[in-house]
Amino acid sequence: MPRRRVMIVAGLVIGALAVAAPAAASTPTPTPTSDAPTGTVRVVAADPADTQAAASALVAGMSLREKAAAVVMGTIPTTDAGTLRQYMTTTGIGGFILMGSNVPATEGQLRALTAALTTDPALPPLIAIDEEGGDVTRLPWDTYPSSVTLKDQPAADSEEAFAGRGALVLRAGVGVNFGIIADVTADPSMFIFRRALGTTPDAGVARVQAAVTGESDDALSTLKHFPGHGSAPGDSHLGIPTTGMSKATWAATDALPFEAGIKAGAPVLMFGHLRFTSVDSAPASLSATWHKIARDELGFTGLAITDDLGMLEASGESALQDPVANAVTAVAAGNDMVLEIMFSNADTATRIVDGLVAAVGSGALPAQRLDEAATRVTRLRLELAAEGRGLMPCADCTPAG
């Protein structure tokens with residue numbers, strides 16, 4: 001869902017900017033309003049249908065390789081702006097995830113790096129970060145409460161904490177926050193316990209919904225790890241956590257916080273490397289069944305992304321040792337973007353792009369599925385551009401509170 005933000009700069013009132021589109025597409029124009037104060041300019045946000053049309057038009061004009069590159073989110077471990085810009089220019093990929101190795105000492109320095117990653121401001125990449133707070137904190141200056149304490153506090157506290165966290169993400173020039181844990185568990189021995197916002201489904205619903213509401217003005221909120229890490233014992237960085245939970249039980253429990261976050265407007269859903277054997281023998285990240293459930297039963301219409309595909313390799317399972325094959329399977333299953341971190345290097349993204357192109361050529365990946373994925377990615381990128389990312393009123397603003 002498009003977000004609207006208002007900034008006042010030199011007497012101008014600026015909302016979400018109209019979406020840039022090819023000449024053949026219809027582009028909304030600023031609409032003057034009779035109630036606007038004298039000396040102001042009001043720009044009305046682009047209609048969602050216009051954004052969709054612009055994204056479809058851009059993808060229709062892309063080559064097969066450009067479409068394949070658009071659905072890949074990669075990373076390289078450096079804080080050198082020149083190296084990062086060259087990586088994005090060379091690969092042409094649609095996204096970049098900031099890891100700890102990409103975060104310099106200050107917010108200003110990080111803003112310079114995210115600017116370097118943005119090779120085309122009219123179509124900025126999806127720059128993402130895992131900023132959950134607490135145990136998973138990439139921004140050293142994030143001191144807002146995390147799930148460690150929020151799970152025991154009123155839901156309003158989650159809204160406030162993620163409003164602050166979203167503002168930090170925005171100020172750094174980051175568009176997407178992989179920050180909202182919708183998993184549920186009351187068991188302190190579970191891997192995900194400290195990171196989960198809810199110990200019960202109802203508590204998860206309240207806090208996840210509040211977190212999305214708080215963050216949504218400033219960051220593209222992501223719900224993870226679908227369909228729910230809280231019922232699948234184990235660490236998905238080391239293996240494939242597995243549960244025999246029935247579909248009916250899942251729908252009445254673990255599904256509820258995800259559904260609440262979707263209804264609250266979270267535009268990104270991260271699929272976990274989790275096996276619910278009663279539903280599908282494949283990990284959810286590679287399962288067409290779970291993607292169908294998310295869209296047809298929970299009503300998700302946004303961008304589906306995998307958790308780090310390198311984690312599949314780390315599982316040790318022989319069938320999951322080829323990162324390119326994993327990426328092809330993931331997109332074919334319904335993911336709109338594939339994320340690769342562990343075991344990757346500067347060449348990994350290019351190899352995955354090559355693999356996706358070859359898979360379309362062989363028929364292993366339907367061209368229509370790649371078009372759909374590239375369009376969803378492009379639409380979010382256009383929304384970020386339309387919101388005027390980086391148009392801060394000052395380079396180093398002091399928080400008001």
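Here, the structure is the one placed above.
Residues numbered from 1 in each chain as written. Predicted model: local features only at pLDDT ≥ 70, side-chain atom pairs only at ≥ 80, totals over all residues. Heavy atoms only, no water.

A. Structural detail: the pattern of salt bridges. With the rule as written, the count across this model stands at 20 salt bridges. The shortest N-O distance in the salt bridge between Glu297 and Lys247 comes to 3.1 Å. Separated by 50 residues along the polypeptide, Glu297 in helix α10 (residues 288-297) and Lys247 in helix α8 (residues 247-252) bring together distant segments of the chain. Among the charged side chains, a network of salt bridges with common partners joins Asp130, Glu132, Arg138, Arg195 and Lys224. (Salt bridge = Lys/Arg side-chain N within 4 Å of Asp/Glu carboxyl O. Helix = DSSP H or I, 4+ residues; strand = E, 2+ residues; numbered from the N terminus.)

B. Region of the structure containing helix α7 (residues 201-215). In a regular helix each residue adds 1.5 Å, so 15 residues correspond to 21 Å; α7 covers 21 Å between its end C-alpha atoms and thus fits that length. Where α7 is buried, its residues touch α5 (147-150), α6 (155-171), β6 (176-181), β7 (220-226) and α9 (255-263). (Expected span 1.5 Å × (residues − 1). Contact = heavy atoms within 4.5 Å.)

C. Representation of helix α1 (residues 48-60) in the model. For α1, spanning 13 residues, the distance from its first C-alpha to its last is 18 Å, which sits close to the expected 18 Å at 1.5 Å a residue. Every buried residue of α1 is listed here: Thr51, Ala54, Ala55 and Val59. The buried residues of α1 occupy an angular sector of 130 degrees when projected down its axis, which confines them to one face. Each element contacted by the buried residues of α1 is listed here: α2 (64-70) and α14 (367-386). (Buried < 20%, exposed > 50% of the residue type's maximum accessible area, 1.4 Å probe, protein only. Arc of directions from axis to C-beta.)

D. Expanded view of the environment of Pro104. Counting through the fold element by element, Pro104 comes out in the loop between β4 (95-98) and α4 (107-117). When sequence neighbours within four positions are dropped, the list of residues in contact with Pro104 reads Thr79, Gln109, Leu110, Leu113 and Trp141.

E. Spotlight on the sheet that holds strand β5 (residues 126-129). The eight strands lie next to each other as β11-β9-β7-β6-β5-β4-β3-β12, forming an open sheet whose pairing is parallel. Of all strands in the sheet, those bounded by a partner on one side alone are β11 (303-306) and β12 (338-339). Bridge count between strand β3 (residues 72-74) and β4: two bridges; the pairing is parallel. Each residue of the ladder has a partner; that of Met73, found in β4, is Gly95. Running over the sheet, α9 touches β7 and β9 (268-271) and is turned about 165 degrees from β7. (Pairing = 2+ DSSP bridges. Axes fitted to C-alpha atoms, helices over the stretch in contact; angles between N-to-C directions.)

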